[in-house]
Amino acid sequence: MHAPVEIAESAANMLARLRARAPRVHCITNTVAQQYTANMLLAVGAVPSMTISPEEVASFVADADALLVNLGTFDAERRAAIDVAIRAAKAARMPWVLDPAFIDRAPARAEFARQLVGRAPAVVRLNTAELAALSGGDPAGDAAARFAKTHGTVVALTGGVDRVTDGVRRAVIANGDPLMAAVTAMGCAGSALVCAALTVEPDAWLAAAAAVTALGVAGEVAAEEARGPGSFAGLIIDALHGLDAATLRARSRVS
Amino acid sequence: MHAPVEIAESAANMLARLRARAPRVHCITNTVAQQYTANMLLAVGAVPSMTISPEEVASFVADADALLVNLGTFDAERRAAIDVAIRAAKAARMPWVLDPAFIDRAPARAEFARQLVGRAPAVVRLNTAELAALSGGDPAGDAAARFAKTHGTVVALTGGVDRVTDGVRRAVIANGDPLMAAVTAMGCAGSALVCAALTVEPDAWLAAAAAVTALGVAGEVAAEEARGPGSFAGLIIDALHGLDAATLRARSRVS
Amino acid sequence: MHAPVEIAESAANMLARLRARAPRVHCITNTVAQQYTANMLLAVGAVPSMTISPEEVASFVADADALLVNLGTFDAERRAAIDVAIRAAKAARMPWVLDPAFIDRAPARAEFARQLVGRAPAVVRLNTAELAALSGGDPAGDAAARFAKTHGTVVALTGGVDRVTDGVRRAVIANGDPLMAAVTAMGCAGSALVCAALTVEPDAWLAAAAAVTALGVAGEVAAEEARGPGSFAGLIIDALHGLDAATLRARSRVS
């Protein structure tokens, strides 16, 4: 098991390696989230690409170091692009992250997400309502750990408190600020950050916990200066860009 | 008739109810405006959704409390989604708002907007050039009131001074700041705010006037701190998020 | 040849004329860049439009003063819209700018970009990797000047130092700040600024050099106040909006 301090150190190491290596992260995400996701990736030193054209997505994924699949927009073209992209990621033995955004609001999207879980995402990042939809409405106690164990993946369940589990190891992360829920695409951008973390940390549970911790700490730093969600949206990018090991050690609240 | 003070009070009540109820607003809007619109809705406590996939839009609208239809992007898929969305809104007796963005620049889009007016939007939010295109070029005096009366809707005509009328009642709102015109999608986001207001205020004229007033007052608050349109774009979101009854009473200029 | 001081004066004149004339710039650009591009155009007084619907794009271009074609998203619909848009620009003898974004990552996109160069863009704005892809991998010394001369266009090659050449005249612009590379769509928005400049300055080389200089100087002004890339993204818009001749004269580093 990892002591809390190890996750803070992992987050610091992750940020240092991202800044040094500038990995490429290809994102299939919704049009609402694209700009904010790209800016968050750039803030940690990663290089985003965003095309969803089925004609081109294989070429972009092949050149990338990790793939994000976010279901925030859902149509036939997007489904085709996702299929091609995951094939390309598998061919290159590249980690991919699933963000089943809003599947609690659309049954067909939930069904598609369940199929995607079978294609072995390294991490699934979602909220409580989305986890309930993905696991077929399972409302009981430790649904995240059970889901992770059953499907051989890592679940990063974010909300007021964030929980990251691979079915055996668990991290409970109490960082963050309520303003994070008032900025659109914050969860989507968080999934992209998990995806970036996977390019420098092969332990998917540790990568996800480190990324979620870093974002939560950045949110706390930003909230101290923000006047509201508009300025906060920029300040959390600033905080992530400048986040150092000392701040992560001092502020992370992981158990 | 409503005295100015009543509209300021309505705006304060509207904001309090939005924060308490967190209504869902489904937005069919253009890709330029999606992120800013979502952030403005979140700033007042509403929960945005943005999918335009014809396959899913009915499901999202059925779960929402109000629908925004913005014509800022216009193609066959979008027209299909709009048709499905309005049917779903009608089936659920849910108010919907029409923003006929840029119809003065594209004849086919203007023709489509005229058809949509026949499907009874609660409010049409537009600028002077768009009203001229929608009413067939009618340039004369009180075109907004005449249009509202003829079509049984509320017109929110925004610009240097904003005018909200249902054909009988009129509010002239002198709040706002010139920087609002230097931020893309400000009008589109304003239409979304009117849409949110309809979820807590059944009188569409009062809802529209309250929403337009709140946005104008927030713009004035933001302009006091902004260095230009870039910082203003975030600060008006902050101001809207923190807007209180005292500020609305002190600053609203409604006649 | 132009002395450095002339380019600073041209930039100041360009900004004054843009603010006075409010030219329309139609942008076919990727969904990641649309909002930021629109806000940058508004910051200098231009009026952006963004539709990519093949049904409408001709009508929007016909009403515009210049056209931007950015390849950041690439699919059959986008290719059709680009073809229609360039025809409309040619018919109106309107300048157009090509931004072959990411062609170094996608061979089919590079091939399409090479075809577009044959349709006489006034300016091609790109980075070093994109120039190599466009010129068929030509890595040698002054590839930009050779490319410009061969194709009868202006090349604006941006990066740590920006170079603008028509094959004969050359400007080397040492303004800018590293934070510019940490904001998504900064290059795309820069291309839009070049496009706006062409509406008030018929000498494409001078227009491109002036626009690149103005953006670089605005970046330096913004960097003095920014805490990171999140706040910088707004502050550079502010700086561009308020940029005056004295600042341009004092700060431009053109040789």
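Note that this is a predicted model, so its numbers are computed, not measured.

Let us now look at the overall build of chain A. Helices and strands together make up the secondary structure of chain A, namely 11 helices and 8 strands. Taken against the 2.2 N^0.38 rule, which gives 18 Å for 255 residues, the C-alpha radius of gyration of chain A at 17 Å falls within 12% of a compact globule. Reported as C-alpha extents along the three principal axes, the dimensions of chain A are approximately 45 × 40 × 35 Å. Pairs at least 24 residues apart make up 73% of the contacts formed inside chain A by residues separated by at least 6 positions.

Looking now at the packing of helix α2 (residues 34–43) of chain B against helix α10 (residues 229–242) of chain B. Residue and element names in this part refer to chain B. Viewed as axis vectors pointing N to C, α2 and α10 meet at an angle of 25°, and their least axial separation amounts to 8 Å. By the angle between their directions, the pair α2 and α10 is classed as roughly parallel. On α10, the residues that touch Asn39, Met40 and Ala43 of α2 are Ile237, Leu240 and His241. For the contact of α2 with α10, a count of residues per class yields 4 nonpolar, 2 polar and no charged.

Now for the interface of chain A and chain C. Facing 24 residues of chain A, the contacting portion of chain C comprises 23 residues. When contributions to the side of chain A that touches chain C are tallied by element, the ones reaching two or more residues are α2 (34–43), β2 (47–49), α3 (57–62) and α10 (229–242) of chain A. Split by residue class, the side of chain A that touches chain C holds 9 nonpolar, 11 polar and 4 charged.

With that settled, consider the nonpolar core. Ala208 of chain A, Ala208 of chain B together with Ala208 of chain C are the most contacted members of the largest nonpolar core, which totals 318 residues. Leave out the neighbours within four places in its chain, and alanine 208 of chain C touches Val123, Val154, Ala156, Val164, Val194 and Ala197 of chain C.

Moving on to the sheet that holds strand β5 (residues 123–126) of chain B. In any sheet, the strands associate via hydrogen bonds between backbone groups, in a parallel or an antiparallel arrangement. Residues and elements named next belong to chain B. Reading across the sheet, the 8 strands line up as β2-β1-β3-β4-β5-β6-β7-β8 and stay open at both edges, with mixed pairing between neighbours. Edge strands, defined here as strands with exactly one partner in the open sheet, are β2 (47–49) and β8 (170–173). Between one strand axis and the next, the sheet turns by 15° as a mean value, whatever way the strands run. Where strand β1 (residues 24–28) lies against β2, 3 bridges are found, and the strand directions are parallel. Paired with arginine 24 across the bridge in β2 is valine 47.

One face of the sheet, then the other: side chains in a regular strand alternate in exactly this way. All names here are of chain B. Of the two faces of strand β7 (residues 162–165), the one lined by Asp162 and Val164 and the one lined by Arg163 and Thr165 are each fully buried. Two strands pair when backbone bridges link them, and strand β6 (residues 154–157) and β7 are joined in this way by 3 bridges, in the antiparallel orientation. Within β7, the residue paired with leucine 157 across the bridge is arginine 163. Summarising the sheet, β7 and β8 pair through 4 bridges and their orientation is antiparallel. When the bridges of β8 are listed, threonine 165 appears paired with arginine 170. Here β7 folds back onto β8 in antiparallel fashion, the turn holding 4 residues, of which glycine 167 has a positive phi close to 100°.

The operation relating chain A to chain C is a screw motion whose rotation component is 120°, with 0.0 Å of axial translation and a residual RMSD of 0.0 Å. Expressed as a symmetry operation, the mapping of one chain copy onto the other fits a three-fold axis. In terms of C-alpha distance to the rotation axis, chain A has threonine 31 of chain A as its closest residue, with the C-alpha 3.7 Å off the axis. Mapped onto chain C, only 12% of the interface residues of chain A again fall at the interface, so the copies present different surfaces.

Quick look at unusual backbone geometry now. Phi at alanine 120 of chain A takes a positive value of approximately 60°, unusual for a residue other than glycine. Overall, alanine 120 of chain A belongs to the partly exposed group, with 15 C-beta atoms counted inside 10 Å. Unusually for a residue other than glycine, alanine 185 of chain B sits at a positive phi of about 75°. Checked against the element boundaries, alanine 185 of chain B lands in the loop between β8 and α8 (186–198).

Turning to the interface of chain B and chain A, a few remarks are in order. Size of an interface, as often reported, equals the accessible area lost when the parts are brought together. Listed as interface residues are 24 residues of chain B and, on the opposing side, 23 residues of chain A. Those elements giving two or more residues to the side of chain B that touches chain A turn out to be α2, β2, α3 (57–62) and α10 of chain B. When the residues that make up the side of chain B that touches chain A are grouped by side-chain class, the tally is 9 nonpolar, 11 polar and 4 charged.

Turning next to the relation of the copies chain B and chain A. Relative to chain A, chain B is turned by 120° and slid 0.0 Å along the rotation axis, the superposed coordinates differing by an RMSD of 0.0 Å. A different interface surface on each copy is seen, since only 12% of the contact residues of chain B are contact residues in chain A too.

How two helices pack is summed up by the angle between their axes together with the distance between the axes. Residues and elements named next belong to chain B. The geometry of α8 relative to helix α9 (residues 204–223) is characterised by a closest axis approach of 8 Å and an angle of 135° between their N-to-C directions. By the angle between their axes, α8 is oblique relative to α9. Relative to α9, α8 is oriented so that their crossing is right-handed. Across the interface between the two elements, Gly190, Leu193, Val194, Ala197 and Leu198 from α8 touch Ala204, Ala207, Ala208, Ala210, Ala211, Val212 and Leu215 from α9. Considered class by class, the residues forming the contact of α8 with α9 number 11 nonpolar, 1 polar and no charged.

A word on the sheet that holds strand β2 (residues 47–49) of chain C. All names here are of chain C. Across the sheet, 8 strands lie side by side as β2-β1-β3-β4-β5-β6-β7-β8; this open sheet has mixed pairing. Of all strands in the sheet, those bounded by a partner on one side alone are β2 and β8 (170–173). Taken pair by pair, the neighbouring strands of this sheet meet at an average axis angle of 15°, ignoring direction. Running over the sheet, helix α9 (residues 204–223) touches β5 (123–126), β6 (154–157), β7 (162–165) and β8 and is turned about 165° from β7.

So, about helix α8 (residues 186–198) of chain C. Taking 1.5 Å as the rise per residue, α8 of chain C with 13 residues should run 18 Å; its terminal C-alpha atoms sit 19 Å apart, in good agreement. Counting buried positions along α8 of chain C yields 13 of 13 residues, so the element is predominantly enclosed.

To continue, consider the environment of isoleucine 7 of chain A. Here isoleucine 7 of chain A shows up in helix α1 (residues 4–21). Judged by the 24 C-beta atoms lying within 10 Å of it, isoleucine 7 of chain A falls in the buried class.

Rules of the game
Residues numbered from 1 in each chain as written. Chains lettered and ligands numbered in written order. Predicted model: local features only at pLDDT ≥ 70, side-chain atom pairs only at ≥ 80, totals over all residues. Helix = DSSP H or I, 4+ residues; strand = E, 2+ residues; numbered from the N terminus. Rg over C-alpha atoms; globule rule 2.2 N^0.38 Å. Contact = placed C-beta atoms within 7 Å. Axes fitted to C-alpha atoms, helices over the stretch in contact; angles between N-to-C directions. Parallel < 35°, antiparallel > 145°, perpendicular 65-115°, else oblique. Nonpolar A, V, L, I, M, F, W, Y, C, P; charged D, E, K, R; others polar. Core = buried A, V, L, I, M, F, W, Y, C linked by C-beta atoms within 7 Å. Buried ≥ 20, exposed ≤ 12 C-beta atoms within 10 Å, placed from the backbone. Pairing = 2+ DSSP bridges. Least-squares fit on C-alpha atoms with pLDDT ≥ 70 in both. Left-handed = near helix turned anticlockwise from the far one by under 90°. Expected span 1.5 Å × (residues − 1).

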